[in-house]
Amino acid sequence: MRQRSDLTVHTDPIAITSETHSLAGTLVLPDGAGNDRPVPAALIVGGPGPLPLERRAQDGTPNWPLRWAEAFGAAGLACLCYDQRGSGESTGQYEDADWDDLYGDAAAAAEILRLQPEVSRVIAVAWADAVGFALRLAAEGKVDGLILLAAGAHTAEERYREQVRRLAAGRGLSDRVVELRVRQWQAQLQAVRDRVAAGERVAETDIGGQRIVTNLRRFLAVHEFDPMAAARQVATPALLLHGAADTVVPPAESELLAETLAGPVERRVYPGEGHFLYRSDQAVADAVGWMQRRAAGITAD
């Protein structure tokens, strides 16, 4: 289905509050949506990565969550995106939040979106590390479907092992070298566990030349999360989108995840696209079309 250019879209601020902080969000609704005509809604989920997901860049230009929200609205669908705590217009401290804290924020956003009278169902949209939050939301019945970009199926250790194995094979190195590198990686992760056990909460790291404060408990949770275990608990419909040239999360992982999810699954792979698939106009168009078809009761192309 194609987007309609004659729709009027309403973009309104929305606050998701708790005892410790308030998340600033944008709710996009198409004209005519209401109690008597509710529409499906997408929730752009912020993840547990070292940098918070924000609606706008520092220069004020829309980041991908806001661009996707506007695309959903232009197609007659609703959408909510938000600044993660301590970023954009949201309060709180991002570095203080562990995995469960940030998941709680995503769950609160799903709840407030579901309470909107204009909304009939909620679909979680997540990229990369945020996929873990989306899977948990679905497993706990907090959302009605999933749109997952660059979704992984392996734990961080499994993915690292595969990356080292491919590199070693290309250079003619033995399995012993692979195991040595993996043990070194495991030792580094154990060192982080020891720091957490000693009471250390945050640490600084360099990402692209920028010093970032990272929550160590969240760092460990991301590395220990098992997507396959979570996927086995998910029976909601899902759309998996993956870049064929993704070298961070290989496309084979979303294929494996698709085979594990219990509900109906569609999967699309985009030639020439890498890890940052949210930049693809075709990907957002396919996400919009999938939601429209689900709303119309059409479950396959």
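The structure this text deals with has already been given above.
Along every chain, residues carry numbers that run from 1 in the direction the sequence is written. Local features in this predicted model are restricted to residues whose pLDDT is 70 or higher, and side-chain atom pairs enter the listing and the counts only when it is 80 or higher, whereas totals over whole chains, interfaces and linings include all residues. Side-chain metrics in this entry use all non-hydrogen atoms of the structure; hydrogen atoms and water are not considered.

Let's shift gears to the sheet that holds strand β9 (residues 238-243). In spatial order, the strands read β1-β2-β4-β3-β5-β6-β9-β10; together these eight strands make up an open sheet with mixed pairing. Edge positions in the sheet fall to β1 (9-17) and β10 (265-270), since each of these pairs with one other strand and no more. Neighbour-to-neighbour, the strand axes of the sheet open up by a mean angle of 20°, direction not taken into account. The criterion for strand pairing is that DSSP finds at least two bridges linking the strands in question. Each helix corresponds to a stretch of at least 4 residues labelled H or I by DSSP, and each strand to a stretch of at least 2 residues labelled E; elements are numbered beginning at the N terminus. For strand β3 (residues 39-44) and strand β5 (residues 119-127), the ladder comprises six bridges, and the chain directions are parallel. When the sheet's bridge partners are listed, V39 is paired in β5 with V119. Across the sheet, helix α3 (residues 131-139) is in contact with β5 and β6 (145-149); its angle to β6 comes to roughly 170°. Lines fitted to the C-alpha atoms define the axes, with helices restricted to the stretch that makes contact. Angles between their N-to-C directions range from 0 to 180 degrees. Should any heavy atoms of two residues lie within 4.5 Å, those residues are considered in contact.

On to the packing of aromatic side chains, then. Stacked, edge-to-face and tilted labels apply to pairs of Phe, Tyr and Trp rings (six-membered ring for Trp) whose centres lie within 6.5 Å, assigned for plane angles under 30 degrees, over 60, and everything in between, in that order. Taken as a whole and assessed by the stated rule, the structure comprises eleven aromatic pairs. Seen in terms of ring centroids, Y103 and F133 are 5.8 Å apart; in terms of plane orientation they differ by 65°. Their pairing is edge-to-face. Here Y103, found in helix α2 (residues 99-114), pairs with F133, found in helix α3; they are 30 residues apart in sequence, far enough to count as distant. The exposure class assigned to Y103 is buried, which follows from its relative accessible area of 4%. Think of it in three bands: with a 1.4 Å probe and only protein chains considered, a residue is buried below 20% of the maximum accessible area for its type, exposed above 50%, and partly exposed in between. On the accessibility criterion, F133 (0% relative accessible area) is buried. Seen in terms of ring centroids, W127 and F276 are 5.6 Å apart; in terms of plane orientation they differ by 35°. Their pairing is tilted. On the criterion of sequence distance, the pair formed by W127 in strand β5 and F276 in the loop between β10 and α9 (281-295) is long-range, its members being 149 residues apart. Within the aromatic cluster, the residues linked to one another by ring pairs are W64, W68, F72, W127, F276 and Y278. Only when the NZ of Lys or the CZ of Arg is both within 6 Å of the ring centre and within 35 degrees of the ring normal is a charge said to sit over the ring. Lying over the aromatic face of Y94, R218 brings its terminal NZ or CZ to 4.3 Å of the ring centre. Note that R279 overlies the ring of F276, its terminal NZ or CZ placed 4.6 Å from the centroid.

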